[in-house]
There are 2 protein chains.
Amino acid sequence: MSQDGIDLETSVGYLLKEASSALRAAMEAVLRPLGMTVTHYSCLELLSQRPGLSNSELARGAFVTRQSMNVLLQALERDGYVTRPVEARVGKVLPTQLTPRGRHSLEKATAAVRSVEVRMLSGMTREEQAAASGMLRSIVQSLRTTEGSEQQG
Amino acid sequence: MSQDGIDLETSVGYLLKEASSALRAAMEAVLRPLGMTVTHYSCLELLSQRPGLSNSELARGAFVTRQSMNVLLQALERDGYVTRPVEARVGKVLPTQLTPRGRHSLEKATAAVRSVEVRMLSGMTREEQAAASGMLRSIVQSLRTTEGSEQQG
DNA sequence: TGACTCATGTCAGAAGTCTGACATACGGTT
DNA sequence: AACCGTATGTCAGACTTCTGACATGAGTCA
C-alpha cells in the first residue's frame, strides 16, 4: 500500500484529463459568443474538411455516439447549416453537406478556435509540437490495443 | 483558403481530444463492471489522497462544476461511501471523508484504472513519460493564461 | 436463394452535467 | 461597524450525451 493510489500530481492520465479539460473550457469560452458548442463546431469542421461524411462517421470524428450526433445533425439541418438527402443512394448512409450558411458560420468559429490552439502551443517549439503529436498518437494506439476485450467477455 | 480549417490529422488539439477520449473510454470500460463512473472514481481517488476536501475542491479536482459534484456527493453519502459533517466548523466548507466502505470500493477501482494507465504508457520509456508530463503541464499553463479574459469582459 | 454478421439511422428513456439563482460566510476596505 | 467582492453549498430547471432497442440494407458464405 506504499503506492496504493495513483498519484494525481504525477499521473500522465490525470494530466491528460486536465489538459483536455482546459482546452475544452478555452474552446467553449470563445465559441459561446458565437452561439456554438464544441461538438457543434467539431461537426462543422469535420464536414468542411471531409464533405459528405455520414452521421456515424461524424460521430466517430467528434468522439460522441452516433445517437448524440444524430440529435445534433437534426438541429443543424433544421437551422439550415447542413443538408442531407432525404433518401440514401446506397445502403442507409446519408452523406451530409455544409450549406453556405454553415460554411459562413464555421469561418468565425475556426478563427476563434485557432486562436486557442495558437495560445495552447505558444510555449512550445516546432520540435516539441511534433513530439507532442507523436506522444498523443502513441497513447491512442496503446489504448486501442485489446480495448476492453478482457472486460467485454 | 489554403489553410482555411484546422487540419484535424495534425492538430495537437484534436489529438489531445482523441487521446483523452480514448483514455476515458478505456476507464469507463473497466469501471463499468464495478458500477462506477469516471467522475465517481475521481472523487473517491481525490478523497483518498487528500482527505477532507470540500465539495468545491473536489469539483475542481475532477474537472466538473461544484453543482455536479454536489449531486454526486449526495449520492455517495446516501450510499455510505463518504461522510460529511452536518454543520461546517468554519465558513460553509464541509470537509468530506471516505468511509471504510468507500475505501474498500476504491481499492478495486484503483487497480482497474492502474491497469489502464499501464497499458497507456506501455509504449513509452521513462524519459518519454516525463516529457509527456512536461508537455501536458505546459499546455495547461498556456491555456490558463488570460483565460477568457478577452471574452469575459 | 437463404441465413448470418455487421453497420447504419433513428426513436425513446435514463443519466450526467450544465447554467441560473439564492442564501450564507469569510476577508479586506472604508 | 458597515460595505463589498469573493467563495461556498444548495436547489431547480434545461440541455447534452448516453444506453437500450428496433428496423433496414450491404456483404459474406453455404
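For the structure, check the block above.
As a convention, each chain's residues are numbered from 1 in the sequence order in which they are written. Lettering for chains starts from A, numbering for ligands starts from 1, and both go in the order in which the items are written. Since the coordinates come from a predicted model, pLDDT governs what is reported: local features require at least 70, and pairs of side-chain atoms require 80 or more to be given and counted, while whole-chain, interface and lining totals use all residues. Side-chain numbers come from the whole structure's heavy atoms, not from hydrogens or water.

A.B. asks: Please clarify how the protein's contact with DNA strand D should be interpreted in this entry.
C.D. replies: Note on definitions. A residue lies near a molecule or strand when any single heavy atom of the residue is within 4 Å of it. Near DNA strand D lie 21 residues; those nearest to it are A:Thr39, A:Ser68, A:Lys92, B:Ser56 and B:Arg66. The sugar and phosphate moieties of DNA strand D supply 57% of its atoms located within 4 Å of the protein. As used in this structure description, the phrase polar contact means that two N or O atoms lie within 3.5 Å; if the pair is within protein, one of them must be able to donate a hydrogen and the other to accept it, and residues adjacent in sequence are counted only when both atoms belong to side chains. Interatomic distance of 3.4 Å between a side-chain N/O atom of A:Lys92 and a base nitrogen of DNA strand D. Interatomic distance of 2.8 Å between a side-chain N/O atom of B:Arg66 and a base oxygen of DNA strand D. Only DSSP runs of H or I reaching four residues or more are called helices, and only runs of E reaching two or more are called strands; each is numbered from the N terminus. At four residues, helix 4 (residues 66-78) of chain B tops the list of elements feeding residues into the surface near DNA strand D. The nonpolar class holds Ala, Val, Leu, Ile, Met, Phe, Trp, Tyr, Cys and Pro. Asp, Glu, Lys and Arg form the charged class, and all remaining residues, Gly among them, are polar. Of the residues belonging to the surface near DNA strand D, the class tally is three nonpolar, 11 polar and seven charged.

A.B. asks: Would you take a moment to explain the interface of chain A and chain B for this structure?
C.D. replies: A common way to express how large an interface is: the accessible area buried when the components associate. Residues count as neighbours in contact if any of their non-hydrogen atoms are within 4.5 Å of one another. Each partner contributes residues to the interface: chain A has 66 residues there, and chain B has 65 residues. Two parts lose some accessible area (1.4 Å probe) when they are put together, and adding that loss for both gives the buried area. Summed over both sides, the interface between chain A and chain B buries roughly 5,700 Å², with carbon and sulfur atoms accounting for 62% of that surface. Whenever Lys or Arg places a side-chain nitrogen within 4 Å of a carboxyl oxygen from Asp or Glu, that contact is recorded as a salt bridge. Summed over the shared surface of chain A and chain B, the number is two salt bridges. The shortest N-O distance in the salt bridge between B:Arg144 and A:Glu18 comes to 3.2 Å. Viewed at the interface, chain B and chain A are joined by 13 residue pairs in polar contact (both at pLDDT 80 or more). Those elements that place two or more of their residues in the side of chain A that touches chain B are helix 1 (12-31), helix 2 (38-49), helix 3 (55-62), helix 5 (100-120), helix 6 (126-144) and helix 7 (149-152) of chain A. When residues in the side of chain A that touches chain B are grouped by element, the largest group, 17 residues, is from helix 1 of chain A. Here the residues of the side of chain A that touches chain B sort into 30 nonpolar, 21 polar and 15 charged.

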